[in-house]
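# Topology and contacts: notes
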2 protein chains.
Amino acid sequence: MKKRQRWSTIPGCSLEAALNVIGGRWKGVFLFHLLDGKMRFNELSRLAKGASPRLVVNQLRELEHDGLICREVFPVVPPKVEYSLTDEGRSLEPILISLSDWGYAWIERHPFQEPHLVTDSPGPISPPEAPRTP
Amino acid sequence: MKKRQRWSTIPGCSLEAALNVIGGRWKGVFLFHLLDGKMRFNELSRLAKGASPRLVVNQLRELEHDGLICREVFPVVPPKVEYSLTDEGRSLEPILISLSDWGYAWIERHPFQEPHLVTDSPGPISPPEAPRTP
DNA sequence: CTGAATCCACAAAGATACTG
DNA sequence: CAGTATCTTTGTGGATTCAG
């Protein structure tokens, strides 16, 4: 059985398409580190600290399906699989670097910023007193 | 009660931080269209076709919390709220444009590519015959 | 070592109705 | 108009176990 991902079927704009491709939980990280050369499954797994193999495999499979990475299987014992960037994947290099730079600057600007905490009831923000509409 | 998002607490690298901030389902789209100027809630909602108000609000709240957009409430009847980019949000402009361009090119390279279909059982990939390990 | 198979919890997203 | 409140549904991701 097949399940559709949470991303919309037809991206509303090209930016959606791009985020659809690199926006996965670990995809950016994998692509970024693959800029330095081939990596094996375990190396990539270590990058994704706390992620189960299942998730790592899924992310890699999607990247492969999207033509950004190449999966090379060596028929040896013990098994060995190497992942590398395709030319298409490498075309993301400047963007990945820009993103990384921006992220670094953002962290410096928000030193102790917590990740998003989603409250079930955000509560009222600015109760206006309803004057006249212009 | 507060719940932690699925993103990791401490991003492993700055690229993770960046994707943490702009990688939400509609965040990129909102930011991208806000490059053209202020927008009201309903305008943004229309961009996110099929998204419930709850989701739109959440995404906007997170962008606001991360300092990328500014929420301006006009105490009038009917209510009016305008969202605009902060300077920090605008600093993403080159990246958003690069992403959009890349996405456009990607779509052209993959004309009829389906979005990711996740199969529960991808099936075997390359059954090696297990020779000797070098 | 590199996954595949299975089960399951929990959070995210959808639908709907409602309010200031 | 711009959200809230609630309920329900969905599905992603964790943990574990097994296999080639």
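By the naming in an unreviewed UniProt entry, chain A is Winged helix-turn-helix transcriptional regulator, taken from Acetobacter sacchari.

### Looking at the overall build of chain A
Helices and strands together make up the secondary structure of chain A, namely 6 helices and 5 strands. Secondary structure of chain A in N-to-C order comes out as β-α-α-β-α-α-β-β-α-α-β. Burial status across chain A gives 42% buried among its 134 residues. Within chain A, residue pairs in contact and separated by at least 24 positions form 47% of the contacts whose partners lie at least 6 positions apart. Split by element, the accessible area of chain A, about 7400 Å² in all, is 57% carbon and sulfur.

### What about the packing of aromatic side chains?
One pass over the structure, following the stated rule, counts 0 aromatic pairs over all chains. A cation sits over an aromatic face here: Lys80 of chain A above Phe74 of chain A, 4.8 Å from the ring centre. The ring of Trp26 of chain B is capped by Arg25 of chain B, whose NZ or CZ atom sits 3.9 Å from the centre of that ring.

### What about unusual backbone geometry?
With an omega of 0°, the peptide bond running from Val77 of chain A to Pro78 of chain A counts as cis. Within the secondary structure layout, Pro78 of chain A lies in the loop between β3 (69-74) and β4 (80-85).

### Some points on the UniProt feature "domain: HTH hxlR-type" (unreviewed entry) in chain A
The sites that carry the UniProt feature "domain: HTH hxlR-type" (unreviewed entry) are, in the present numbering, residues 13-111 of chain A. Between the C-alpha atoms that bound residues 13-111 of chain A the distance is 33 Å, and the span itself is 59% helix and 14% strand.

### Some points on the sheet that holds strand β3 (residues 69-74) of chain B
All names here are of chain B. A sheet is described by the order of its strands in space; here 3 strands give the open sequence β2-β4-β3, paired in antiparallel fashion. Edge strands, defined here as strands with exactly one partner in the open sheet, are β2 (39-40) and β3. Across the face of the sheet, helix α2 (residues 27-34) comes into contact with β2, β3 and β4 (80-85) while running at roughly 90° to β4. Together, β3 and β4 form the strand contacts of helix α4 (residues 53-65), whose direction differs from that of β3 by roughly 115°.

### Concerning the pattern of salt bridges
Per the stated rule, a full pass over the model turns up 13 salt bridges over all chains. One salt bridge connects Arg109 of chain B with Glu88 of chain A, and the closest N-O pair in it is separated by 2.8 Å. With Arg109 of chain B in helix α6 (residues 93-109) and Glu88 of chain A in helix α5 (residues 87-90), this pair bridges two chains. Arg109 of chain B sits in the partly exposed class, given a relative accessible area of 41%. Taking the shortest distance from any N to any O, the salt bridge between Glu93 of chain B and Arg90 of chain B comes out at 3.6 Å. The class for Arg90 of chain B is partly exposed, based on a relative accessible area of 36%.

### A word on the confidence of the model for chain A
Residues and elements named next belong to chain A. Across chain A, pLDDT averages 82, with 75% of residues at or above 70. Scored below 50 in pLDDT, residues 1-12 makes 31 contacts in the model with residues more than four places away or belonging to other chains. Within the model, the stretch residues 120-134 combines pLDDT values under 50 with 16 contacts to residues more than four positions away or in other chains.

### Thoughts on the environment of Leu15 of chain A
The residue Leu15 of chain A is located in helix α1 (residues 14-22) in this model. Since its relative accessible area comes to 0%, Leu15 of chain A is described here as buried. Residue contacts for Leu15 of chain A: discarding those within four places in its chain leaves Gly28, Val29, Phe32, Leu96 and Ser100 of chain B.

What counts, and at which threshold
- Residues numbered from 1 in each chain as written.
- Chains lettered and ligands numbered in written order.
- Predicted model: local features only at pLDDT ≥ 70, side-chain atom pairs only at ≥ 80, totals over all residues.
- Heavy atoms only, no water.
- Helix = DSSP H or I, 4+ residues; strand = E, 2+ residues; numbered from the N terminus.
- Buried < 20%, exposed > 50% of the residue type's maximum accessible area, 1.4 Å probe, protein only.
- Contact = heavy atoms within 4.5 Å.
- Areas by Shrake-Rupley, 256 points an atom, 1.4 Å probe, with all protein chains shown as cover.
- Phe/Tyr/Trp six-rings, centres within 6.5 Å; stacked < 30°, edge-to-face > 60°.
- Lys NZ or Arg CZ within 6 Å of the ring centre and 35° of its normal.
- UniProt positions renumbered as here; feature names shortened; annotations may be inferred.
- Pairing = 2+ DSSP bridges.
- Axes fitted to C-alpha atoms, helices over the stretch in contact; angles between N-to-C directions.
- Salt bridge = Lys/Arg side-chain N within 4 Å of Asp/Glu carboxyl O.
- pLDDT = per-residue confidence, 0-100.

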